[in-house]
Amino acid sequence: MEPCAIIDPRLPEICVKNLHKAGFKTITAPITELVETPLSGHPDIQMFMHEKNIFVHPDIDPAFLKKIESYLNIIQCTSRLNRSYPSDVPYNIACTGTIALHKKDSTDKCILDYFLQKKIEIINTKQGYSKCSTLPVDDLSIITADKSIHSAAEDAGIDSLLISQGYIDLPGYNYGFIGGASGKFLDTIYLTGPIDHHPDIERIMHFIESRGMHLKILSDKRILDAGSIFFIG
């Protein structure tokens, strides 16, 4: 079965083409009216994925579930989304694989139970948009512009690179975040656009490469927070 990428349907066409060239089939997340429009097609708002399990909100479009049912074990959760923070973040969890970072009192209960079963430690953060804000590089390292996530990660023994806020587009907001502008598959991190204009580009590149990871840029347009790219291998 060919690898897939779950994407926001509004991801720029050039990014989609380059994902196809890299060997991925793309599956678009549904648009939901339950959250603010700029976030309405973001995968990391409507679902959380770990290994071959995907946790989705109870009102997700059934047509989307049909598209992914042959790839993933689907768990429909109970936390309903709405526009008021933190009711739009129950699934927006950053996970390195062995440790999860999230505003714990906002995390969906099904996912909390799953973490307990899998012995995944959940580190509480002040920031509910944890996945948007965090790029997991490997099991023990992340990149983030959020100081509360950075501190919580370091306290948990995760190597965290704190970068400057901004320099990433998110239409409707002042700026977006590196977690939402990226996705990871095997030893490659995919970014929606270049980071040449980012003041911390050299530190970011060194941090990624020093962990044996590669970087793939999907377009020559400005880097865009598109709600993360979820890869299914």
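Residues numbered from 1 in each chain as written. Predicted model: local features only at pLDDT ≥ 70, side-chain atom pairs only at ≥ 80, totals over all residues. Heavy atoms only, no water.

1. Things to note about the layout of surface pockets
Working step 1: Taken as a whole, the largest pocket spans an internal volume of roughly 690 Å³.
Working step 2: As for the largest pocket, its lining consists of 26 residues, of which Met49, Glu51, Cys95, Lys184 and Phe231 are closest to the centre.
Working step 3: Elements with a contribution of two residues or more to the lining of the largest pocket: β3 (47-50), β6 (94-95), β9 (134-138), β12 (182-185) and β15 (230-232).
Working step 4: Counting residues per element, the lining of the largest pocket draws most heavily on β12, which supplies four residues.
Working step 5: Per-class residue counts for the lining of the largest pocket are 14 nonpolar, seven polar and five charged.
Working step 6: Of the voids in this model, the second largest pocket is the one considered here, and its volume is about 170 Å³.
Working step 7: Lining the second largest pocket we find Leu39, His42, Tyr129, Cys132, Leu170, Tyr173, Asn174, Tyr175, Phe177 and Asp225. (1 Å grid on protein atoms, 1.4 Å probe; cavity = no way out; pocket = protein on both sides within 12 Å on 5 of 7 lines; lining within 4 Å. Points joined across faces, edges and corners; volume = space filled by probe spheres on them. Helix = DSSP H or I, 4+ residues; strand = E, 2+ residues; numbered from the N terminus. Nonpolar A, V, L, I, M, F, W, Y, C, P; charged D, E, K, R; others polar.)

2. What about the pairing of strand β7 (residues 99-102)?
Looking down a regular strand, the side chains alternate between one sheet face and the other.
Working step 1: Because side chains alternate across β7, one face comprises the buried residues Ile99 and Leu101, and the other comprises Ala100 and His102, equally buried.
Working step 2: The sheet contact formed by β6 and β7 spans two bridges and is antiparallel. In the sheet register, cysteine 95 faces β7, and the bridge partner there is alanine 100.
Working step 3: Taking the residues between adjacent antiparallel strands as the criterion, β6 and β7 are bridged by three residues, where glycine 97 takes a positive phi near 125 degrees.
Working step 4: Across four bridges, the pairing between β7 and strand β8 (residues 121-124) is parallel. In the strand pairing of β8, histidine 102 is matched with asparagine 124.
Working step 5: Considered for its hand, the β-α-β crossover made up of β7, helix α4 (residues 109-118) and β8 is right-handed. (Buried < 20%, exposed > 50% of the residue type's maximum accessible area, 1.4 Å probe, protein only. Pairing = 2+ DSSP bridges. Right-handed = clockwise from strand over helix to strand, strands pointing away.)

3. Let's talk about the sheet that holds strand β4 (residues 53-56)
To summarise the sheet geometry, strands pair through backbone hydrogen bonds and adopt either a parallel or an antiparallel arrangement.
Working step 1: As summarised here, the arrangement of the three strands in space is β3-β4-β5, forming an open sheet in which the pairing is mixed. Of all the strands in the sheet, just β3 and β5 (73-76) have a single pairing partner and so form its edges. With direction set aside, neighbouring strand axes in the sheet form an average angle of 20 degrees.
Working step 2: With four bridges joining them, β4 and β5 adopt parallel strand pairing. Considered in β5, the bridge of valine 56 is made with glutamine 76.
Working step 3: Along the sheet, α4 makes contact with β3 and β4, crossing β4 at roughly 155 degrees. (Axes fitted to C-alpha atoms, helices over the stretch in contact; angles between N-to-C directions. Contact = heavy atoms within 4.5 Å.)

4. Points about α4
Each turn of an α-helix holds 3.6 residues, which means side chains three or four residues apart point in the same direction.
Working step 1: Looking at α4, one finds that the buried residues are Ile111, Tyr114 and Phe115. For α4, the angular spread of buried residues about the axis comes to 100 degrees, placing them on one side. Turned more than 90 degrees off the buried face of α4, the exposed positions are Lys109, Leu116 and Gln117.
Working step 2: Buried residues belonging to α4 abut β3, β4, β7 and β8.
Working step 3: The residue sitting at the N-terminus of α4 and contributing the capping side-chain oxygen is aspartate 108; that oxygen lies 2.8 Å from the backbone nitrogen of cysteine 110. (Arc of directions from axis to C-beta. Polar contact = N/O pair within 3.5 Å; in protein donor to acceptor, adjacent residues only side chain to side chain.)

5. Focus: the sheet that holds β9
Working step 1: Taken in spatial order, the three strands make up an open sheet running β9-β10-β11, and their pairing is mixed. Only two strands of the sheet have a single partner each, and these edge strands are β9 and β11 (159-162). Strand-to-strand, the axes of this sheet are offset by a mean angle of 20 degrees, without reference to chain direction.
Working step 2: The pairing of strand β10 (residues 141-144) with β11 spans four bridges and is parallel. The residue bridging isoleucine 143 from the neighbouring strand is leucine 161, located in β11.

6. Section: the side chain of threonine 134
Working step 1: You can see threonine 134 is positioned in strand β9.
Working step 2: Residue classification places threonine 134 among the buried positions, given a relative accessible area of 0%.
Working step 3: Looking at threonine 134, its side chain comes within polar contact range of the main-chain oxygen of serine 130, at 2.7 Å.
Working step 4: Residues in contact with threonine 134, not counting those within four places in the same chain, are Ala94, Ile142, Ile143, Thr144, Ile149 and Gly179.

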